[in-house]
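A closer look at the structure
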Amino acid sequence: MASPNDLQFQEFDEAAELLSADPGASTLSMSASNTSTTAAGGGGGEDVKLDLSEEEGEEESSELLGGQKPTGGFWTFEYYQSFFNVDTVQVLDRVKGSLMPLPGRNFIKHNLRSNPDLYGPFWICVTLVFSVAIGGNLSSFLSEKGNPSYHYRPQFHRVTIAALVIFMYAWLVPVGLWGFLTWRQGAERQIGGYSFLETVCVYGYSLFIYIPTSVLWIIPFEWLRWTLILIAMVISGSVLVLTFWPVVREDTKVMAVATVVTIVVLHTLLAVGCKMYFFQTEVHVPSAAPITPTINMTIATKAH
């Protein structure tokens, strides 16, 4: 029969020696249900949790896409669903921010708040494509209204041209700008750098002002059209300059000024190009009256 001493809990020899040498030593408790490690001190009772759920690939993806962490691979629908995770209030707030640029108010930091989206930029570009193409057709019809030889024909190819130009500008220019800024900042990105998704987002929302402007371009007055395009370029360009200047100013003075000038020039080329191609007023020169019969009649009179 076992003695009472045999029924007592036995301690490991090494643990007993460690506890006897240092009575205040802490013990570690590992739990398989989570990925945290808890250290309970003898007197302090502090818990130390180590979160090991983050992976290096996810961190790089979140840095590239502006802090968001899409689930699944890039070939799945869930991967792109997070890029459109915004509501109407957020989109309207960002649209108002693009219409009212204020000095010292960064569009990305004050309007996006580390939650950039592709919903607003996508629909802004689509709406701008149709407003420019349809407005250009109406403008041509109104300018040729008094011409009896003019027969109206819808120019559907303008939709394709407008879509090509606007989407190339809204995507390729941000790609080039983001790559250039990343290269200039070095291998380790600085704290103030913007992600690729944030760069695309600010460019998309900056184009909203051209939607009402393209509608007003239908009015066949050149002075009004150029006034509207100047106002739109100042508002839209100010959004881009106020957003990217805090980043580029950390570079050399020459490179910072050259980068800002390039941003403004490309933005101006888009606006002026759309106006000149889609809303060009036709100037009709009245044809001169034929003088050949008069000359022939004069010659015939002198002959008699």
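Given the structure is predicted, the values throughout are model-derived calculations rather than measurements. (Residues numbered from 1 in each chain as written. Predicted model: local features only at pLDDT ≥ 70, side-chain atom pairs only at ≥ 80, totals over all residues. Heavy atoms only, no water.)

Relative to the helices and strands, Tyr194 resides in the loop between α7 (157–185) and α8 (196–206). On the basis of relative accessibility, which here comes to 6%, the residue Tyr194 falls in the buried class. One polar contact links Tyr194 to Asn106, side chain to side chain, over a distance of 2.8 Å. (Helix = DSSP H or I, 4+ residues; strand = E, 2+ residues; numbered from the N terminus. Buried < 20%, exposed > 50% of the residue type's maximum accessible area, 1.4 Å probe, protein only. Polar contact = N/O pair within 3.5 Å; in protein donor to acceptor, adjacent residues only side chain to side chain.)

On to the packing of helix α6 (residues 119–143) against α7. Helix-helix packing: each pair is described by the crossing angle between the helix axes and the interaxial distance. Viewed as axis vectors pointing N to C, α6 and α7 meet at an angle of 145°, and their least axial separation amounts to 9 Å. Crossing geometry of α6 relative to α7 is assigned as right-handed. Contacts from Phe122, Cys125, Val126, Leu128, Val129, Phe130, Ala133, Gly136, Asn137 and Ser140 of α6 reach α7 at Arg158, Val159, Ala162, Ala163, Ile166, Phe167 and Ala170. (Axes fitted to C-alpha atoms, helices over the stretch in contact; angles between N-to-C directions. Left-handed = near helix turned anticlockwise from the far one by under 90°. Contact = heavy atoms within 4.5 Å.)

Under the UniProt annotation, the feature "transmembrane region" (unreviewed entry) is placed at residues 118–139, 159–181, 193–211, 223–247 and 254–278. Secondary structure content for residues 223–247 is 100% helix and 0% strand, while the C-alpha to C-alpha distance between its ends is 37 Å. (UniProt positions renumbered as here; feature names shortened; annotations may be inferred.)

Summarising the element assignment, Thr199 is placed in helix α8. Sequence-distant contacts of Thr199, defined by excluding residues within four places in its chain, comprise Pro174, Leu177, Trp178, Tyr194 and Phe244.

Now for the pattern of salt bridges. Evaluated as defined, the whole model comprises 3 salt bridges. In this structure, Arg94 and Asp117 form a salt bridge, with 2.3 Å as the shortest nitrogen-oxygen distance. Taken as a pair, Arg94 in helix α4 (residues 88–99) and Asp117 in the loop between α5 (107–112) and α6 lie far apart in primary sequence, 23 residues in all. The exposure classification of Arg94 matches that of Asp117, with both residues buried. With its nearest N and O atoms 3.1 Å apart, the salt bridge here joins Arg225 to Glu222. Residue Arg225 and its partner Glu222 are located together in helix α10 (residues 222–248), separated by 3 residues, close to a single helical turn. Note on Arg225: relative accessible area 1%, which makes it buried. The partly exposed category is assigned to Glu222, whose relative accessible area is 28%. Residues joined by salt bridges that share partners form a network here, namely Glu222, Arg225 and Lys275. (Salt bridge = Lys/Arg side-chain N within 4 Å of Asp/Glu carboxyl O.)

At a closest axis distance of 9 Å, the pairing of α8 and α10 adopts a crossing angle of 160°. In terms of axis orientation, α8 runs roughly antiparallel to α10. Crossing geometry of α8 relative to α10 is assigned as right-handed. Taken together, the residues of α10 that come into contact with α8 (itself represented by Thr199, Val202, Tyr203 and Ser206) are Ser236, Val239, Leu240, Thr243 and Phe244. Residue classes in the contact of α8 with α10 are distributed as 5 nonpolar, 4 polar and no charged. (Parallel < 35°, antiparallel > 145°, perpendicular 65-115°, else oblique. Nonpolar A, V, L, I, M, F, W, Y, C, P; charged D, E, K, R; others polar.)

This part covers the nonpolar core. Judged by nonpolar contacts, the single largest core of 45 residues is most densely connected at Val202, Tyr203, Leu207, Tyr210 and Phe244. Broken down by secondary-structure element, the contributors of at least two residues to this core are α4, α5, α6, α7, α8, α9 (210–216), α10 and α11 (253–278). The dominant element in this core, judged by the number of residues it contributes, is α10, at 9 residues. If we skip the residues at most four places from it in the chain, Tyr203 touches Tyr169, Val173, Pro174, Leu177, Leu240, Phe244 and Ile263. Judged by nonpolar contacts, the second largest core, of 5 residues, contains Phe83, Leu118, Phe196 and Leu197. (Core = buried A, V, L, I, M, F, W, Y, C linked by side-chain atoms within 4.5 Å.)

With 63% of its residues at a pLDDT of at least 70, the protein chain reaches an overall mean of 74. Averaged over each element, pLDDT in the protein chain is lowest for strand β2 (residues 37–40) (40) and highest for α9 (93). Low pLDDT, under 50, characterises residues 28–64; the predicted model gives this stretch 41 contacts beyond four residues in sequence or across chains. In the model, residues 187–191 has pLDDT below 50 throughout and makes 7 contacts with residues more than four positions away in sequence or in other chains. (pLDDT = per-residue confidence, 0-100.)

Checked against the element boundaries, Thr243 lands in helix α10. Owing to a relative accessible area of 0%, Thr243 belongs among the buried residues under this scheme. Discounting residues that sit within four places of it in the chain, Thr243 has contacts with Asn106, Phe107, Ile108, Tyr194 and Val202.

A surface patch of nonpolar side chains, about 400 Å² in accessible area, is lined by Val257, Val261, Val265, Leu266 and Leu269. Within the fold, Leu269 resides in helix α11. By relative accessible area, which is 55% here, Leu269 ends up exposed. (Patch = residues over 30% accessible without salt bridge, like charges linked within 9 Å, V, L, I, M, F, W, Y side chains within 5 Å. Areas by Shrake-Rupley, 256 points an atom, 1.4 Å probe, with all protein chains shown as cover.)

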